[in-house]
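Analysis of the macromolecular model
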Amino acid sequence: MAHLNILGMGVALVTPFTKNKEIDYPALNRVIDHVVDNGADFLVVLGTTGETPALFPEEKISIKRFIKEKTGGRIPLVIGIGGNNTAEIDKQLKEEDLTGYSAILSVVPPYNKPSQEGIYCHFKAIAEASPLPVILYNVPGRTGINMTADTTLRLARELPNIIGIKEASGNIHQIQRLIREKPEGFTVLSGDDGMTYPLMTLGAQGVISVLGNAYPKDFSEMVHLCLEGNYIEAVDYHFKFRDIIHLLFADGNPAGVKCVMHDMGLIENELRLPLVPVCENTASEILHWVKKLK
């Protein structure tokens, strides 16, 4: 299978809800236009930021189809397909219609806490079953287990269908090693908006972003300046967003970015349990920064 270059700013799309907690497709339509028209390089559908664990199977199918039809091939689409039952994921990959999607994003298995050998075997099975290239997703803060640099590099070297990683371990030494030792054609993407600039100065090739839902134009500009090696100009954007990025995650994701997007008139400020909107104090701080950014 040919490699697919996923570089730049990917946006991990939110799932907008109406006040009665139904999927808000007109709002999703607005969000897609907002990010695609303002610099997103690719979209990640049904990821963490999309509140995917709180969606019913039929809703996931509907969202996947809606976004494919709305984008109409204008931009690459990556779909989140992961979990802690390897056989179930393999079955889904073999049976699901993935037409219109360019790659899958698959997270380290949560809750089970497999060994590094278990993680390797899990992703080897996924790579062999997937009709699309695979992007790994390492986020130990959510999964309870870190995929080491040794395991990631082993997968990258041995399985050509694994084309990159969204790295959200926060371990800069681990990520530096991946950047330094990765095989040609393997992409390292930041999984943390706040670490995007420093990681790109070290050689990372982009980000899968939460902030990009709200501020795609400026954040994409920062990412592309970094890709061009213009770190002096890019650092201004890094500091511009530093404080609000921290606030966006203070009460959990995607509660923070939904607060901002509601203020922008893009969506309702609605989440599905067990997630709830940011608290009053956090909302006040976020909106203070939103006014400054204007």
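The present account deals with the structure reproduced in this document. Computed from a prediction, not measured in an experiment: that's the story for all the values here.

Together, E221, E228, E233 and D236 make up a region of like negative charge exposed at the surface. If you trace the backbone, E221 turns up in helix 9 (residues 216–227). By relative accessible area, E221 is classed as partly exposed at 34%.

Moving on, we come to the packing of aromatic side chains. Counted according to the given criterion, the structure contains 4 aromatic pairs. Seen from their ring centres, Y197 and Y231 are 6.5 Å apart, and the 80° between their planes marks the pair as edge-to-face. Residue Y197 is found in helix 8 (residues 196–202), and its partner Y231 is found in helix 10 (residues 231–248); the two are separated by 34 residues along the sequence. According to the relative accessible area criterion, Y197 is buried, its value standing at 13%. Looking at Y231, the relative accessible area reads 28%, which means it is partly exposed. Ring centres of F219 and F241 lie 6.1 Å apart, and the angle between their planes is 85°; this geometry places the pair in the edge-to-face category. On the criterion of sequence distance, the pair formed by F219 in helix 9 and F241 in helix 10 is long-range, its members being 22 residues apart.

This next bit is on the pattern of salt bridges. For the structure on display, the rule yields 19 salt bridges. A salt bridge links K91 to E95; the nearest nitrogen and oxygen atoms lie 3.0 Å apart. Here the residue K91 and the residue E95 both occupy positions in helix 3 (residues 86–95), the gap between them amounting to 4 residues, near one helical turn. By relative accessible area, which is 56% here, E95 ends up exposed. Each of D150, R157, R177, R180 and E181 takes part in one network of salt bridges that share partners.

Before going further, it helps to examine helix 10. Under the 1.5 Å per step criterion, the end-to-end length of helix 10 is 24 Å for 18 residues, consistent within 8% with the ideal 26 Å. Largest kink in helix 10: about 40°, centred on R242. The complete set of buried residues in helix 10 reads A234, V235, Y237, H238, F241, I244, I245, L247 and L248. At its buried positions, helix 10 is contacted by helix 8, helix 9, helix 11 (255–263) and helix 12 (280–293).

Counting buried positions over the 5 residues of strand 1 (residues 8–12) gives 5, a clear majority of the element. As paired elements, strand 1 and strand 8 (residues 206–209) share 4 bridges and run parallel to each other. Counted as the bridge partner of G10 is I208 from strand 8. Examined bridge by bridge, strand 1 and strand 2 (residues 42–45) share 3 bridges and lie parallel to one another. Note that in strand 2 the partner of G10 across the bridge is F42. Assessed by its sense of winding, the connection that carries the chain from strand 1 through helix 1 (residues 25–36) to strand 2 is right-handed.

How each quantity is defined
Residues numbered from 1 in each chain as written. Predicted model: local features only at pLDDT ≥ 70, side-chain atom pairs only at ≥ 80, totals over all residues. Heavy atoms only, no water. Patch = residues over 30% accessible without salt bridge, like charges linked within 9 Å, V, L, I, M, F, W, Y side chains within 5 Å. Areas by Shrake-Rupley, 256 points an atom, 1.4 Å probe, with all protein chains shown as cover. Salt bridge = Lys/Arg side-chain N within 4 Å of Asp/Glu carboxyl O. Lys, Arg positive; Asp, Glu negative; His and termini not counted. Charge placed at Lys NZ, Arg CZ, Asp CG, Glu CD. Helix = DSSP H or I, 4+ residues; strand = E, 2+ residues; numbered from the N terminus. Buried < 20%, exposed > 50% of the residue type's maximum accessible area, 1.4 Å probe, protein only. Phe/Tyr/Trp six-rings, centres within 6.5 Å; stacked < 30°, edge-to-face > 60°. Expected span 1.5 Å × (residues − 1). Bend = angle between axes of the 7 residues up to and from the residue. Contact = heavy atoms within 4.5 Å. Pairing = 2+ DSSP bridges. Right-handed = clockwise from strand over helix to strand, strands pointing away.

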